[in-house]
Amino acid sequence: MLAMIALCILPLFGANDTKQEDMSISDLACSLKATLEYDPLVHAGTITKEGRSVRFAMDVPYVLLDWTIVKEVPAPYESATSLQIKEEFARTVQEFFEIKSQISSRYLVKAIVIDPGHGGKDPGAIGEFEDFKLQEKDVNLSIALRLADLLRLRYPEKTIVLTRSSDIYPTLEERVEKANKIELEETEAIIYVSIHANASFNKNTKGFEVWYLNPNYRRTVVDERTAKEKGEDIAPIINIMLEEEFTTESIILAQKVYQRMDRIIGDRSPARGIRAEEWFVVRNAKMPSILIEVGFVTNKAEALLLSQAGYLRQIADAIYNGVCDFIEHFEQ
Ligand SMILES: [Zn+2]
């Protein structure tokens, strides 16, 4: 996403009632001392000020205030040099930032769902060597349990949920159900962290990866109630705006965890990249979601590391730090 803080050129509309020319959206952001982000690829952007936001899109006659309130405005349009807006658009944005918000405008992470992959009858990936054997399900669970303990200590006010806390096998539906049944206020969010270990036919392959939900995956993030309240026509627009936000947050969560892991285990396990996929466990979940492949159980050196409690603790610590970094960013 392209971020910029515009240079001030024009004053904002004055109190006089003379006919005003249309203005560029960057001039508006500037006069409000707000930050403007605009992504020319999707023709949508966000004006942000003091943690509050106005989401807009080219040729769309609505803005989304603080990711919750939809307001009708004259649609921004493209001119040769900039995105132009009508006075009414500018006024709506100005008033929104001026008037104290009636709703609690800060987003809070209400819950963190930790999903240790596989379990019970499903061992996941298996590393078998002459002198020892390692099952993915045990690696995942060990990391997840410590991660949950650390997060519970740090955030006693948040709900920390494990999709399993022993060697049992919940189905995919049961795992997602656990996340989806957490009740949320409009400004609360859930983070979903799935923990896995990798396997390869190539015994030399090793390293860790962090995956996030593919941005092309079209999710329905606006619930039926919103659709009914706002009308069938608006729902898809809000949907696209929100969806993009959740994808962005997933990428940021992935980056934070990836950076921390690289710092802590990168000397022993190569960082293989941040990746995007569509198979994700939490397809229908309205939440920033990642999946971590902590290493390859099929590589003997890495399998040895992954069978050491101390190494698994380091991985848990790294994920924990990444999640904390994300929460700090999200709740700021
Ligand atoms: Zn797995």
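In every chain, residue numbers begin from 1 and rise along the written sequence. The predicted nature of this model means local features are confined to residues of pLDDT at least 70 and side-chain atom pairs, given and counted, to a pLDDT of 80 or more, with totals for whole chains, interfaces and linings taken over all residues.

1. Considering the nonpolar core
Working step 1: Val193, Val257, Ile290, Ile315, Ile319 and Val323 are the most contacted members of the largest nonpolar core, which totals 54 residues.
Working step 2: Sorting elements by how many residues they give to this core places helix H8 (residues 309–331) first, with 10 residues.
Working step 3: Once residues within four sequence positions are removed from consideration, Ile319 is found in contact with Leu147, Val193, Val257 and Ile292.
Working step 4: Cys30, Ile47, Val63 and Ala90 belong to the second largest nonpolar core, which has 24 residues in total. Put simply, a nonpolar core is a cluster of buried Ala, Val, Leu, Ile, Met, Phe, Trp, Tyr and Cys residues tied together by C-beta atoms within 7 Å. Neighbour counting defines burial: a residue surrounded by 20 or more other C-beta atoms within 10 Å of its own C-beta is buried, one with 12 or fewer is exposed, and intermediate counts give partly exposed, using backbone-placed C-beta atoms. The helix count covers DSSP runs of H or I at least four residues long, the strand count covers runs of E at least two residues long, and both are numbered beginning at the N terminus. A residue pair is marked as a contact if its C-beta atoms, positioned from the backbone, fall within 7 Å.

2. Details of the pairing of strand E3 (residues 35–39)
Working step 1: Along E3, the buried face is formed by Leu36 and Tyr38; none of Thr35, Glu37 and Asp39, which line the opposite face, is buried.
Working step 2: For two strands to pair, DSSP has to find at least two bridges joining them. Across five bridges, E3 lies against strand E4 (residues 44–49) in antiparallel orientation. Opposite Asp39, over in E4, you have Ala44 as the bridge partner.
Working step 3: Where E3 folds back on E4, the antiparallel hairpin that results is connected by four residues, among which His43 adopts a positive phi of roughly 55 degrees.

3. Side note on unusual backbone geometry
Working step 1: Backbone geometry at Asp59 places phi at a positive 65 degrees, although glycine is not the residue there.
Working step 2: You can see Asp59 is positioned in the loop between strand E5 (52–57) and strand E6 (62–65).
Working step 3: Positive phi, normally seen in glycine, also occurs at His118, with a value near 65 degrees.
Working step 4: Here His118 is to be found in the loop between strand E10 (108–116) and strand E11 (126–128).
Working step 5: Taking the number of C-beta atoms within 10 Å as the measure of exposure, His118 has 23 and is therefore buried.

4. Regarding the environment of Ile47
Working step 1: Position of Ile47 among the secondary structure elements: in strand E4.
Working step 2: In this structure the C-alpha to C-alpha distance between Ile47 and Leu65, which are 18 residues apart in sequence, comes to 9.7 Å.
Working step 3: Filtering out sequence-adjacent residues up to four positions away, Ile47 remains in contact with Ala29, Ala34, Leu36, Ser53, Val54 and Val93.

5. A look at the confidence of the model for the protein chain
Working step 1: Taken over all residues, the pLDDT of the protein chain has a mean of 83, while the share at 70 or more is 79%.
Working step 2: One number per residue, pLDDT, summarises how confident the predictor is, and it ranges from 0 to 100. Long-range and interchain partners of residues 1–19, a stretch whose pLDDT sits below 50, account for 31 contacts in this model, where long-range means more than four residues apart.

6. Some thoughts on the sheet that holds strand E2 (residues 23–24)
Working step 1: With respect to topology, three strands assemble into an open sheet ordered E2-E9-E8, the strand pairing being antiparallel. Of all the strands in the sheet, just E2 and strand E8 (77–78) have a single pairing partner and so form its edges.
Working step 2: In this structure, E8 lies alongside strand E9 (residues 83–85), joined through two bridges in antiparallel fashion. The residue bridging Tyr77 from the neighbouring strand is Gln84, located in E9.

7. Thoughts on the pairing of E5
Working step 1: A large share of E5 lies buried, amounting to five of its six residues.
Working step 2: As paired elements, E4 and E5 share six bridges and run antiparallel to each other. Pairing of Gly45 across the sheet is with Phe56, part of E5.
Working step 3: As paired strands, E5 and E6 are joined by two bridges and run antiparallel to one another. Following the sheet pairing, Arg55 is matched in E6 by Leu64.

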